[in-house]
Amino acid sequence: MNHSRQGKSGAPRARPAGGPASSRDGPGARPGPHQPVWLYGRHAVAAALANPARRIRRVAATKNARDWLEKNGADANALARLEDARPDAIDRLLHAGAVHQGLAAQVDELPRARLKDACAPAEPGRPVVILDQITDPQNIGALFRSAAAFGARAVIVQDRKTPPLSGALAKAAAGAVETIPCVRVVNIARAMEGLQGLGYFCAGLAGEAQDDITALPAAPLALVMGAEGAGLRQLVGETCDGLFRIPIEPGMESLNVSNAAAISLYEARRAR
């Protein structure tokens, strides 16, 4: 039984290409080198506008969205970037079904974070979250939001298995992709060994574990979350310093991975 299973993606299917390659950001599409992506939704775009590390190419906003940005503290430079647009015009910039709330921004991806820069020095109460082959954009976005809420240092993902931090993922994160470093790695087990070298205890979430999550040690923690069905891969599980389960009622097989991550992050703060 696996407590960190993913739910199925509810992201909409991308529209067929009808314009420049850079003008579409479908729910699972990886952008090419230097290719911009789209962010949409008020909190996602507001956070991008406030992030000096984010290069903004253009921002389309309805009057209501512009008023919301102004009311919520957007500075004059951010407001000056806005292009007036009707909701249907913004619809045409994005993949079908994108719930943009009258605001969309075309941006460059953030500079890549390096593991040591993002995660050192190791500190109790400031966990790192590791995603082992989790691919659903909504789950990853919700997980980033929880990571920001509970003071996580970084989120580590496998580069070739993870969708871009844009579109539905960034909207679900509600701005957290601008504040939580995302470290993309080739090999999750090797990244865990790197964290162990920095002083982290790698705690894997697994329904079959003997210890429950209240037994997390008072140490710098890296919380390792597995994918739907299979849970943690064998090598990843073997690289963990310990495995822990979230106690749930016997009639329920598992928790959604973003919910499991939120509970784990809360317990990691309590354990410091």
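Residues numbered from 1 in each chain as written. Predicted model: local features only at pLDDT ≥ 70, side-chain atom pairs only at ≥ 80, totals over all residues. Heavy atoms only, no water.

As for the nonpolar core
At step 1: The biggest cluster of nonpolar side chains holds 53 residues, and the ones touching the most others in it are V59, V129, L131, F144, V155, L216 and M225.
At step 2: Counting 20 residues, the second largest nonpolar core, distinct from the first, contains A154, I188, A191 and C240. (Core = buried A, V, L, I, M, F, W, Y, C linked by side-chain atoms within 4.5 Å. Buried < 20%, exposed > 50% of the residue type's maximum accessible area, 1.4 Å probe, protein only.)

Remarks on the sheet that holds strand β3 (residues 82–84)
At step 1: Overall, mixed pairing links the four strands, which are arranged β1-β4-β2-β3 in an open sheet. A single partner strand is all that each edge strand has here, and the edge strands are β1 (37–40) and β3. Averaged over neighbouring strand pairs, the angle between their axes works out to 25 degrees when direction is ignored.
At step 2: Sheet topology note: the strand β2 (residues 56–61)/β3 ladder contains three bridges and is parallel. Looking at β3, one finds that V59 is bridged to L82.
At step 3: In the packing of helix α1 (residues 42–49) onto the sheet, the strands contacted are β1, β2 and β4 (103–107), and the crossing angle to β1 comes to about 120 degrees. (Pairing = 2+ DSSP bridges. Helix = DSSP H or I, 4+ residues; strand = E, 2+ residues; numbered from the N terminus. Axes fitted to C-alpha atoms, helices over the stretch in contact; angles between N-to-C directions. Contact = heavy atoms within 4.5 Å.)

Section: helix α6 (residues 137–149)
It helps to recall that an α-helix has 3.6 residues per turn; residues three or four apart then point in one direction.
At step 1: For α6, which comprises 13 residues, the first-to-last C-alpha distance of 18 Å matches the rise-based estimate of 18 Å (1.5 Å per residue) to within 8%.
At step 2: Every buried residue of α6 is listed here: P137, N139, I140, G141, L143, F144, S146 and A147.
At step 3: The inward-facing, buried residues of α6 abut β5 (128–132), β6 (154–158), α7 (167–173), β7 (182–185) and α10 (257–270).
At step 4: Downstream of α6 by a residue or two, G151 has a phi angle that is positive, lying close to 75 degrees. (Expected span 1.5 Å × (residues − 1).)

Some thoughts on the side chain of E267
At step 1: Locating E267 in the fold gives a position in helix α10.
At step 2: Other than its neighbours up to four places away in sequence, E267 contacts I213, T214 and L216.

Topic: the side chain of H95
At step 1: Counting through the fold element by element, H95 comes out in the loop between α4 (87–93) and β4.
At step 2: Residue H95 is classed as buried on the basis of its relative accessible area, which comes to 4%.
At step 3: Only 2.9 Å separates the side chain of H95 from the side chain of Y40, close enough to count as a polar contact. (Polar contact = N/O pair within 3.5 Å; in protein donor to acceptor, adjacent residues only side chain to side chain.)

What to know about the state of the cysteines
Two cysteines whose sulfur atoms are joined by a covalent bond form what is called a disulfide.
At step 1: All told, the structure shown has zero disulfides when counted by the stated rule.
At step 2: The thiol sulfur of C240 is not disulfide-bonded, and the nearest other cysteine sulfur, from C202, lies at 6.3 Å. (Disulfide = S-S within 2.5 Å.)

Observations regarding the pairing of β4
At step 1: The buried count for β4 comes to five of five residues, which makes it a mostly enclosed element.
At step 2: Residue alternation in β4 divides its side chains into two sets, L103, A105 and V107 and A104 and Q106, and both sets are buried.
At step 3: Judged from the four bridges that link them, β1 and β4 form a sheet pairing that is antiparallel. Bridging across to β4, W38 finds its partner in Q106.

Side note on the environment of L169
At step 1: Position of L169 relative to the elements: it lies in helix α7.
At step 2: With near-sequence residues (within four places) excluded, L169 lies in contact with P137, I140, G141, P163, P164 and V177.

Looking at the sheet that holds β5
At step 1: Ordered by their spatial adjacency, seven strands build an open sheet running β7-β6-β5-β10-β8-β11-β9, and the pairing between neighbours is parallel. Since the sheet does not close on itself, it has two edges, and those belong to β7 and β9 (211–212), each with one partner.
At step 2: Pairing analysis gives three bridges linking strand β8 (residues 201–205) to strand β11 (residues 242–245), with the strands arranged parallel. Across the sheet, residue L205 finds its bridge partner in β11, namely F244.
At step 3: Helix α8 (residues 188–197) rests against β5, β6, β7, β8 and β10 (221–226) of the sheet, and its axis sits at about 165 degrees to β5.

With respect to the pattern of salt bridges
At step 1: Applying the stated rule across the entire model yields 13 salt bridges.
At step 2: Across the salt bridge formed by R86 and D88, the nearest N and O atoms sit 3.7 Å from each other.
At step 3: Here R86 falls in the exposed class, since its relative accessible area comes to 61%.
At step 4: Judged by relative accessible area, which is 35%, D88 ranks as partly exposed. (Salt bridge = Lys/Arg side-chain N within 4 Å of Asp/Glu carboxyl O.)

Concerning the environment of D91
At step 1: Summarising the element assignment, D91 is placed in helix α4.
At step 2: D91 sits in the partly exposed class, given a relative accessible area of 32%.
At step 3: Linking D91 and G102, residues eleven residues apart in sequence, is a C-alpha distance of 9.0 Å.

Regarding the packing of aromatic side chains
At step 1: Inspection of the entire model under this criterion finds two aromatic pairs.
At step 2: Ring centres of F150 and Y266 lie 6.3 Å apart, and the angle between their planes is 70 degrees; this geometry places the pair in the edge-to-face category. Remark: Y266 occurs in helix α10 and F150 occurs in the loop between α6 and β6; sequence separation between them is 116 residues.
At step 3: Accessibility expressed as a relative area gives 43% for Y266, which makes it partly exposed. (Phe/Tyr/Trp six-rings, centres within 6.5 Å; stacked < 30°, edge-to-face > 60°.)

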